[in-house]
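What follows is each chain in one-letter form.
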Amino acid sequence: MTHATVLADAGQPAGFDWPFFWHYLFSPSGVFLDGLWRTVYISVIAQLLGVLLGFAVALAQRSRFAPLRWGGRTYVWLIRGTPLLVQLVLVYNGLAAAGIYRFGDLQVGGLVFLGVVQAAILTLAVNEAAYMAEIFRAALDAIDPGQAEAAQALGMTPAMTMRVVLLPQAVRIIVPPLGNEFNLMMKSTSLLSVIGLQEMFLTAQSINSATFKTFEIFLVVACYYLALTTVWSFVQRFIERRLADPGQVIATPSLRERLAGGGLGRGTAGREGATLVGKESH
């Protein structure tokens, strides 16, 4: 017997509860706001770590040393080939069950980092790094090799060549897919409920268990996720305009296209980014 049937039998109308919806949309509880805050800061920290680790993996894939190259390729193959949900369970529950490592609460000054938060950030960052590595690799490999050779002829070290010559050209085509990756990161935090992290989605599940307002509360959650991704779309577009080369016409998706699901996603970021860099270098 469904909840709607129970309400009908009790003489109550089984319809959409608009007062409940508007209340949680504009006056969310403190518990809900805590879940929203966790969603935001976990996404930001995991994305930053994922970018740094992804850049390191991309450099390993470009290394002259075969073990580093194969290590980087194996990492990307392994992480991209397994679901994030499985990775979360393996890292948080699997490591503890196998007696390898148990995430405990960490206190730094007056702040306490829960073990489940540490596991969530680590797993999301490691997962994101595999995708960022491919974005970095595609952008760097597409730049004309003659530019790196010219820099070395001028006496630049490999590190200086990367910092002064290669990265400034690559960053313009890395930013659009990077922005889309962060959008995906914020939405992927909803999977953290599987390890018991009280982020926005799991908070909504708890509210639903107490109120049985399933459609209303999860519609509120959808609105908040939409608000987060929309705000980031404005920020991303601003960054792209600031980094754009005034002498080049770079076709970046409009805000309307981003909200409709267009732009450079995980499946096309590397290919389209490589094409763009190749055109600029020639």
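Keep in mind that this is a model prediction, so the values were computed, not measured.

J.: Can you help me understand the side chain of Gln169 in this one?
T.: Residue placement: Gln169 occurs in helix α8 (residues 158-188). Reaching out from Gln169, the side chain makes a polar contact with the backbone oxygen of Val165 at a distance of 2.9 Å. Apart from residues lying up to four places away in sequence, Gln169 is in contact with Ile143 and Gln147.

J.: Could you clarify how one ought to interpret the pattern of salt bridges in this entry?
T.: Any two side chains of opposite charge can pair, on the condition that their charged atoms come close. Taken as a whole and assessed by the stated rule, the structure comprises five salt bridges. A salt bridge links Asp141 to Arg62, with the shortest nitrogen-to-oxygen separation between them at 2.5 Å. With a gap of 79 residues between them, Asp141 in helix α6 (residues 115-142) and Arg62 in the loop between α3 (30-61) and α4 (66-80) connect regions that are remote in the sequence. A residue is classified by how much of its surface remains accessible, and Arg62, at 33% relative accessible area, is partly exposed. The residue Glu134 makes a salt bridge to Arg80 at a minimum N-O spacing of 3.7 Å. One end of the pair, Glu134, is in helix α6; the other, Arg80, is in helix α4, with 54 residues separating them in the sequence.

J.: Please explain the packing of aromatic side chains as it appears in this structure.
T.: Two descriptors summarise a pair of aromatic rings, namely the distance from one centre to the other and the angle between the planes of the rings. Scanning the entire structure with this criterion turns up 14 aromatic pairs. Aromatic pair Phe21 and Trp22: ring centres 5.0 Å apart, planes at 65°, arrangement edge-to-face. The rings of Phe16, Trp18, Phe21, Trp22, Phe26 and Phe215 are connected pair by pair, giving a single aromatic cluster. It is Arg73 that lies over the ring of Trp70; its NZ or CZ is 5.4 Å from the centre.

J.: Teacher, can you tell me more about the layout of surface pockets here?
T.: Empty space among the atoms becomes visible once a probe the size of a water molecule is rolled across them. The computed volume of the largest pocket comes to approximately 440 Å³. Elements supplying a minimum of two residues to the lining of the largest pocket: α3, α7 (145-153) and α8. No other element matches the five residues that α8 contributes to the lining of the largest pocket.

J.: Is there a simple way to think about the confidence of the model for the chain in this case?
T.: Interpretation of this model should avoid reading the predicted coordinates in detail wherever pLDDT is low. Per-residue pLDDT for the chain averages 84, and the proportion of residues at 70 or more is 82%. Every residue in residues 1-13 is under pLDDT 50, and counting partners more than four places away or in other chains gives seven contacts.

J.: Explain the packing of α8 against helix α10 (residues 214-243) here, please?
T.: Helix-helix packing: each pair is described by the crossing angle between the helix axes and the interaxial distance. The contact between α8 and α10 brings their axes to 10 Å, and the two run at 170°. Regarding the angle of α8 to α10, the classification is roughly antiparallel. Side by side, α8 and α10 meet where Arg172, Val175, Pro176, Gly179, Asn180, Phe182, Asn183, Met186 and Lys187 of the first sit next to Tyr225, Leu228, Thr229, Trp232, Ser233, Gln236, Ile239, Glu240 and Leu243 of the second. Of the residues in the contact of α8 with α10, the class split is nine nonpolar, six polar and three charged.

J.: Would you explain the nonpolar core in this entry?
T.: Across soluble globular proteins, you tend to see nonpolar side chains buried next to one another. In terms of nonpolar packing, the biggest core is built from 32 residues, with Ile42 and Met200 touching the most fellow members. When residues of this core are traced back to their parent elements, those giving at least two are α2 (18-26), α3, α5 (84-97), α6, α8, α9 (200-211) and α10. The dominant element in this core, judged by the number of residues it contributes, is α10, at seven residues. If you look at the next biggest cluster of nonpolar residues, it comprises 15 residues, including Val51, Ile135, Ile143 and Ala170.

J.: Even after reading the chapter, I still don't get unusual backbone geometry, so can you show me in this structure?
T.: Generally, phi is negative for residues other than glycine and the peptide bonds are trans, each holding for most cases. Here Phe212, not a glycine, exhibits a phi torsion of approximately 60°, which is positive. When you line up the elements, Phe212 lands in the loop between α9 and α10. Using a relative accessible area of 51% as the deciding quantity, one classes Phe212 as exposed.

J.: Could you clarify how one ought to interpret the packing of α2 against α10 in this entry?
T.: Running from N to C, α2 and α10 point in directions that differ by 35°, and their axes come no closer than 9 Å. Where α2 crosses over α10, the handedness of that crossing is right-handed. Taken together, the residues of α10 that come into contact with α2 (itself represented by Phe20, Phe21, Tyr24 and Leu25) are Glu216, Ile217, Leu219, Val220, Cys223 and Tyr224. Partitioning the contact of α2 with α10 into residue classes produces nine nonpolar, no polar and one charged.

What counts and how
- Residues numbered from 1 in each chain as written.
- Predicted model: local features only at pLDDT ≥ 70, side-chain atom pairs only at ≥ 80, totals over all residues.
- Heavy atoms only, no water.
- Helix = DSSP H or I, 4+ residues; strand = E, 2+ residues; numbered from the N terminus.
- Polar contact = N/O pair within 3.5 Å; in protein donor to acceptor, adjacent residues only side chain to side chain.
- Contact = heavy atoms within 4.5 Å.
- Salt bridge = Lys/Arg side-chain N within 4 Å of Asp/Glu carboxyl O.
- Buried < 20%, exposed > 50% of the residue type's maximum accessible area, 1.4 Å probe, protein only.
- Phe/Tyr/Trp six-rings, centres within 6.5 Å; stacked < 30°, edge-to-face > 60°.
- Lys NZ or Arg CZ within 6 Å of the ring centre and 35° of its normal.
- 1 Å grid on protein atoms, 1.4 Å probe; cavity = no way out; pocket = protein on both sides within 12 Å on 5 of 7 lines; lining within 4 Å.
- Points joined across faces, edges and corners; volume = space filled by probe spheres on them.
- pLDDT = per-residue confidence, 0-100.
- Axes fitted to C-alpha atoms, helices over the stretch in contact; angles between N-to-C directions.
- Parallel < 35°, antiparallel > 145°, perpendicular 65-115°, else oblique.
- Nonpolar A, V, L, I, M, F, W, Y, C, P; charged D, E, K, R; others polar.
- Core = buried A, V, L, I, M, F, W, Y, C linked by side-chain atoms within 4.5 Å.
- Left-handed = near helix turned anticlockwise from the far one by under 90°.

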